[in-house]
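Observations on the model geometry
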Amino acid sequence: MTPLAPSTSLAARMGRWSARHRKAAVFGWLAFVIAASVLGGVIGTKKLEPGVSTVGESGRAEQVLADRFDKPLTERVLVQHPKLTIDDQAFATTVIGVVRRLEDFETVAAVRSPLNDGNRGAVSHDRRAALVEFELTATETAEAKNDVEPLLEAVGSLDRSHPGFAIGQFGDASAAKQLEDVFAQDLKRAGVFSLPITLVILLIAFGALVAAGLPLLLALTAVAATLGLLSIPSQLIPLDGSIDAIVLLIGLAVGVDYSMFYLKRVREERAAGRANAAAIEAAAATSGRAVLISGLTVMIAMAGMFFTGERTFSGFGIATITVVAVAVMGSLTVLPALLSWVGDRVEKGRVPFIHRLRRSDRDPRVWGWIVDRVLRRPLIAALAAAGALGALGLVALQMNTVVTGPDTYPKSVPVMATYAQMQQAFPGGALPLQVVVEARNVRSPQMATAFAEFERQAVATGRINRPITVSANRENTVAVISVPIEGAGTDAVSNAALAVLRDDVLPSTLGSVEGTSYGVTGVTAASQDFNDLMATSAPLIVAFVLIFAFLLLLAAFRSLVIAAKAIALNLLSVAAAYGVLVLVFQHGIGKSLLGFDYTGGVHSIIPLFLFVILFGLSMDYHVFILSRIREGYDRGLSTDEAVAHGIKTTAGVVTSAAIVMVGVFAIFGTLSMLFLKQFGVGLAAAVLIDATIVRAVLLPATMKLLGDWNWYLPRWLAWLPKPDREPAPEEPAPQPAA
């Protein structure tokens, strides 16, 4: 191939500087990571309160509650017996014992017994279940999580000391406490399993401990720095409780990927006879440039989440952009410095058996065999691959999105087991809708009449249950009506109840009182409002991501066809991943293997969140491979030769990087929380599809069919800058015979 002039690109200049000033680069990176971690520990990261809506009517109602209502945190204790009713002395005695035990706690402000007059709604229709309600003195969930621990222990003790009875507790604070503990265990499990799996894959890929350790070290330091840095924006935009897991997931994936691409190229250049410094410079100009383009594409895709205007998405956008930016910065600065420092010692710690298994040539047999046959019959290969992915994409049209509620949480958590029992005995009572009412005086006779009429009409619909309770703030300017509804909270039955409440009951009752305003919140309302937000904002986000990714690829590869085809192939892989989500989480294929029961739909955040992340991550391989293909083409190879050369020479590292991603994402598919399970399965499926069907079949097949049209650039775009590249590696000098 024809050599090209030395590169002066940003990535090449960064790599050269770091290799020549390795102490400054390495110690500067360590100082940055330590400073970011310390800063995060000092400032602390603010998290969103779980279950609080921030969009639509429900979001406005929640804001009224936050600003003007000292909302007491209510917990409920379920007392249930399979045969006895509350009219039996043994049942009543058990209830009295529960009430007295709760009244002993200073953290309990008030207790309402189902035995008292006026609390008939706290007894089930068959009278075999009763609810003891109590209010906590704390008004913030974060504070109450510590207060409920002894209460949960006391209720557990009562359950054990009353054989035959089922006694359990459920409420916002107790659920937050136990679910937070489960989430922490999930995160710990993900970290414990993902690190050794990643290390094993890297050992197989590189055959040496030092070479395997460098990508993992860079990824972990990037994650640590990001978690510290996020404390700063979280003061303005509180982050979702799962943000640490997302940062670990994305940070490990991109950090390891970028380092592998770089390190693989350095070793390849060394094997071709270049000196260590020249090999690092060549890697910086080629793989470093691909890392920079890929990272920018990922960050542009993530930035699309800001268009929702919703705090959860904005937080995810900030976190993912930050971790990708830090990983890119580490790959382009500290990694060249480390490689310059260790030199050929990167091969230290060889694993004998694995190292012998690694082939010295550049063309892996399996992928070489596949690519050769695809290039012989490109039309058949393209139609077969596109047809398979298109079929999965059609399945994605069945996707039902919901804001998943407590029915999706693991039933192994005691409070969630109690919740399921409450739902059976008191449909809708565990998580009722809340109508937030603002008026000059919510205690006035006119409002009392309106509340009574509201209850009458609501119950008459057949979709709303008793007890309907009303509470007011101290100023009597805001009232909250608790409204139990039919259904599981996010299903069609609950949505129908919400529609009747918003469209019929409220306008004809409270809406007829002059000077009164209201809003409905709760799990069902938040789910509906979130879906409405996605319907309006998703087209804008998709358009933003596609347009800017297209422009970036156009500038990087100077080809309209390459940019358009990359967008199309990535959209196809994302659609196929959506189809996998529908098959698994709606049709229930493999649910026993993954350990979940809920098949009502996919979490509303998942489709859009997966789109921006998958679109960005799938560009990793595409950009890396296309960079190698374009490099070969610019050095004089024909399009067919450049395609075969680019795919075969990148096959090993891309396969290893994909296995790392799939392995890490698959671990998240085994966790307890359904959101993380769906997220992990979706990402693993997309990366697997992209690294196999798209990369090994569709990409070479379409490039073969298009021929020189792949490099088409209109004259009016000829002003786009031409990227310069490193000279081709020289062949090693022949060794004299012994």
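Structure first, text after, so check above.
In this text, all values refer to a predicted model and were calculated from it rather than measured experimentally. Residue numbers run consecutively from 1 along every chain, following the written order of its sequence. Totals for whole chains, interfaces and linings use every residue, but because this is a predicted model, local features are given only for residues with pLDDT of at least 70 and side-chain atom pairs only at 80 or more, for both listing and counting. Only hydrogens and water are removed before side-chain values are computed, so all heavy atoms of the structure are retained for them.

Glancing now at the nonpolar core. Judged by nonpolar contacts, the single largest core of 217 residues is most densely connected at Phe609, Val612 and Phe665. Numbering goes from the N terminus for both helices and strands, where a helix is a DSSP run of H or I of at least four residues and a strand is a run of E of at least two. Ranked by residue count, the leading element in this core is helix α23 (residues 674-706), at 19 residues. By size, the runner-up hydrophobic cluster in this structure holds 26 residues, among which are Ile485, Ala497, Leu506 and Val520. For the purposes of this section, nonpolar cores are sets of buried Ala, Val, Leu, Ile, Met, Phe, Trp, Tyr and Cys residues that join through side-chain atoms within 4.5 Å. Each residue is placed in one exposure class: buried if its accessible area under a 1.4 Å probe, protein chains only, is under 20% of its type's maximum, exposed if it is over 50%, and partly exposed if it falls in between.

So, about a positive patch on the surface. Together, Arg22, Lys23, Arg345 and Lys348 give the surface a local cluster of positive charge. With respect to the helices and strands, the residue Lys23 is situated in helix α2 (residues 22-43). A residue is classified by how much of its surface remains accessible, and Lys23, at 65% relative accessible area, is exposed. Candidates for patches are residues over 30% relative accessible area with no salt bridge; among them, like charges are joined within 9 Å and nonpolar side chains (Val, Leu, Ile, Met, Phe, Trp, Tyr) within 5 Å. To measure how exposed things are, a 1.4 Å probe is used in the Shrake-Rupley method; for residues, cover is taken only from the protein chains shown. Each salt bridge in this description consists of a side-chain nitrogen of Lys or Arg and a carboxyl oxygen of Asp or Glu lying within 4 Å of one another. Two residue types count as positive, namely Lys and Arg, and two as negative, namely Asp and Glu; His and chain ends fall outside the count. Every charge is mapped to an atom, namely NZ of Lys, CZ of Arg, CG of Asp or CD of Glu.

Within the fold, Gly487 resides in the loop between β8 (478-483) and α17 (492-508). Gly487 sits 10 residues away from Ala497 along the chain, and the two C-alpha atoms are 8.4 Å apart. Note on contacts: a residue pair qualifies if any of its non-hydrogen atoms lie within 4.5 Å across the two residues. Those residues in contact with Gly487, other than ones at most four positions away along the chain, are Gln423, Val493 and Ser494.

On to the pairing of strand β7 (residues 469-472). As paired elements, β7 and β8 share four bridges and run antiparallel to each other. Bridging across to β8, Ser471 finds its partner in Val480. Linking β7 to β8, which pair antiparallel, is a turn of five residues; within it Asn476 sits at a positive phi near 60°. Between any two strands, at least two bridges found by DSSP are needed for them to pair.

According to the stated counting rule, one finds 22 salt bridges in the structure shown. Between Arg628 and Glu268 there is a salt bridge; the shortest N-O distance is 2.2 Å. Linking Arg628 in helix α21 (residues 605-634) with Glu268 in helix α8 (residues 243-271), this pair joins segments that are 360 residues apart in sequence. Grouping residues by exposure puts Arg628 and Glu268 together as buried. One salt-bridge network, in which partners are shared between bridges, spans Arg265, Glu268, Glu269, Arg274, Arg628, Glu631 and Arg635.

From the geometry alone we can't say anything about function, so treat these as descriptive.
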